[in-house]
Amino acid sequence: MTEVERMVPSTRPGNWVTNVQRFVRPREVAEEQCELCSAPIATDHRHLVEPAKRRLHCVCRGCATLLGNRDDNRYRAVPEYARRLEDFHMTDAEWDSFGIPIGLAFFVHSTPDKRIVAFYPGPAGPTESLLELQAWVKLVADNPRLAELEPDSEALLVNRVRNAREYFQAPIDRCYALVGLIRTKWRGLSGGDEVWKAIDGFFAELREQRACAGAYRHG
């Protein structure tokens, strides 16, 4: 086996397709009610992730507080803020060893699968890359901050496109928002200027810490 055991799109019910769709639907039909209690919610609402189904739920703050991170782990609260990881250590050779074919990816610990899962975005949505555990273990050893990532709800988001070398501790909904952005903006074989400008803008927001709960807008 190579460092990447296999690359297959996820086919689990209620998986990333639902998560991406909520970020690409037109704003005029965006969710305006909590998906769990039907209470009205603002555009800058919170999210809960349902790990067993890999699904994000738009929720009010009450449901986010009451149901997030309970002992049964049915739902986990998605953090509100991204954080840029300064002094992150990853060589080009180490990145290449992951076998990710593009310079964008996010890594999240899946509690149902009991492993680290990597996704990379593309014009058709995210592709799941199943990684050899040892590659991640070494990365955590070099960057102990990664051990603090919240399972299911927080990811290492990597940006290495066009000579960038950026790494973020990012809420999982921001990762899906990036996937949705690429899916809607991509044109032709290379993506076109619009998608690359949108990607640059997305990461500029993360750097400036504007990408908090108020930026998790659908559409």
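Each remark here, short or long, concerns the structure printed above.
Draft legend 1. Expanded view of the overall build of the protein chain. Counting secondary structure elements, the protein chain contains 6 helices and 10 strands. For the protein chain, the proportion of contacts with a sequence separation of at least 24, taken over those separated by at least 6, is 63%. For the protein chain, the accessible area works out to roughly 10,800 Å², and carbon and sulfur atoms hold 50% of it.

Draft legend 2. The sheet that holds strand β4 (residues 76-77), seen in detail. Spatially, 3 strands are ordered β3-β2-β4 in an open sheet, and the strand pairing comes out antiparallel. With one partner strand each, in any of the chains shown, β3 (55-59) and β4 form the two edges of the open sheet. Where strand β2 (residues 46-50) meets β3, 5 bridges bridge the pair, whose relative direction is antiparallel. Directly across from Val-49, in β3, lies its bridge partner Leu-56.

Draft legend 3. Structural detail: the packing of aromatic side chains. Under the definition given, this model contains 10 aromatic pairs. Between Phe-106 and Phe-119 the ring centres are 5.3 Å apart and the planes differ by 25°, which places this aromatic pair in the stacked class. Within this pair, whereas Phe-106 is found in strand β6 (residues 104-110), its partner Phe-119 is found in strand β7 (residues 115-120), the two being separated by 13 residues in sequence. Here Phe-106 and Phe-119 have matching classes, each one buried. One aromatic cluster in this structure is built from Trp-95, Phe-98, Phe-107 and Trp-136.

Draft legend 4. Summary view of the pattern of salt bridges. Summed over the entire model, instances satisfying the criterion amount to 18 salt bridges. Between Glu-50 and Arg-74 there is a salt bridge whose closest N-O contact spans 4.0 Å. Of this pair, Glu-50 sits in strand β2 while Arg-74 sits in the loop between α2 (61-67) and β4, and the two are 24 residues apart along the sequence. By relative accessible area, Glu-50 is classed as buried at 8%. A salt bridge links Arg-165 to Asp-92, with the nearest nitrogen and oxygen atoms 3.3 Å apart. One end of the pair, Arg-165, is in the loop between β9 (154-159) and β10 (166-171); the other, Asp-92, is in helix α3 (residues 92-97), and 73 residues separate them in sequence. Sharing partners across several salt bridges, the network here consists of Arg-54, Asp-113, Arg-115 and Glu-128.

Draft legend 5. Quick peek at helix α5 (residues 172-185). With 14 residues, α5 should reach 20 Å at 1.5 Å per residue; the first-to-last C-alpha distance of 20 Å fits that figure. Burial of α5 is extensive: 11 of the 14 residues sit out of reach of the surface.

Draft legend 6. Up close: the pairing of β6. With 6 of its 7 residues buried, β6 lies for the most part within the structure. The pairing of β6 with β7 spans 5 bridges and is antiparallel. Following the sheet pairing, Phe-107 is matched in β7 by Ala-118. Two successive antiparallel strands, β6 and β7, enclose a turn made up of 4 residues, where Lys-114 displays a positive phi of approximately 60°.

Draft legend 7. Quick look at the nonpolar core. Residues Phe-106, Leu-157, Ile-172, Ile-199, Phe-202 and Phe-203 are the most contacted members of the largest nonpolar core, which totals 28 residues. Every element with two or more residues in this core is listed here: β6, β7, β9, β10, α5 and α6 (192-207). Top element by residues in this core is α5. It accounts for 8 residues. Excluding residues that lie within four positions of it along the chain, Phe-202 makes contacts with Leu-157, Arg-174, Ala-177, Leu-178 and Leu-181. The next biggest cluster of nonpolar side chains, apart from the first, holds 21 residues, and it includes Phe-107, Ile-116, Ala-118 and Leu-146.

Draft legend 8. Highlighting helix α4 (residues 133-142). Of the residues making up α4, those classed as buried are Ala-135, Trp-136, Leu-139 and Val-140. Mapping the buried residues of α4 onto a view down its axis gives an arc of 135°, with all of them on the same face. The outward face of α4, more than 90 degrees from its buried face, is lined by the exposed residues Leu-133, Gln-134 and Ala-141.

Cut-offs and rules
- Within every chain, residues take consecutive numbers counted from 1 along the sequence as written.
- With pLDDT at 70 or above as the cut-off, local features in this predicted model cover only qualifying residues; side-chain atom pairs require 80 or more to be listed or tallied, and sums for whole chains, interfaces and linings still use all residues.
- Calculated side-chain values reflect all of the structure's heavy atoms, with hydrogen atoms and water omitted.
- Numbered from the N terminus, helices here are DSSP runs of H or I no shorter than four residues, and strands are runs of E no shorter than two.
- Should any heavy atoms of two residues lie within 4.5 Å, those residues are considered in contact.
- Accessible surface is estimated by sampling points in the Shrake-Rupley manner with a 1.4 Å probe; for residues, cover comes only from the protein chains shown.
- Paired strands, in this sense, are two strands between which DSSP finds at least two bridges.
- Between 30 and 60 degrees the pair is tilted, below 30 it is stacked and above 60 it is edge-to-face, where a pair is any two Phe, Tyr or Trp rings, Trp via its six-membered ring, whose centres lie within 6.5 Å.
- Note on classification: 1.4 Å probe, protein chains only; a residue is buried when its accessible area is under 20% of the maximum for its type, exposed when over 50%, partly exposed between these limits.
- Think of a salt bridge as a Lys or Arg side-chain nitrogen and an Asp or Glu carboxyl oxygen that are within 4 Å of each other.
- In this analysis, the expected span of each helix is defined as 1.5 Å times one less than the number of residues it contains.
- Throughout this description, the term nonpolar core refers to a set of buried Ala, Val, Leu, Ile, Met, Phe, Trp, Tyr and Cys residues connected via side-chain atoms within 4.5 Å.
- This arc describes the spread of directions from the helix axis toward the C-beta atoms.

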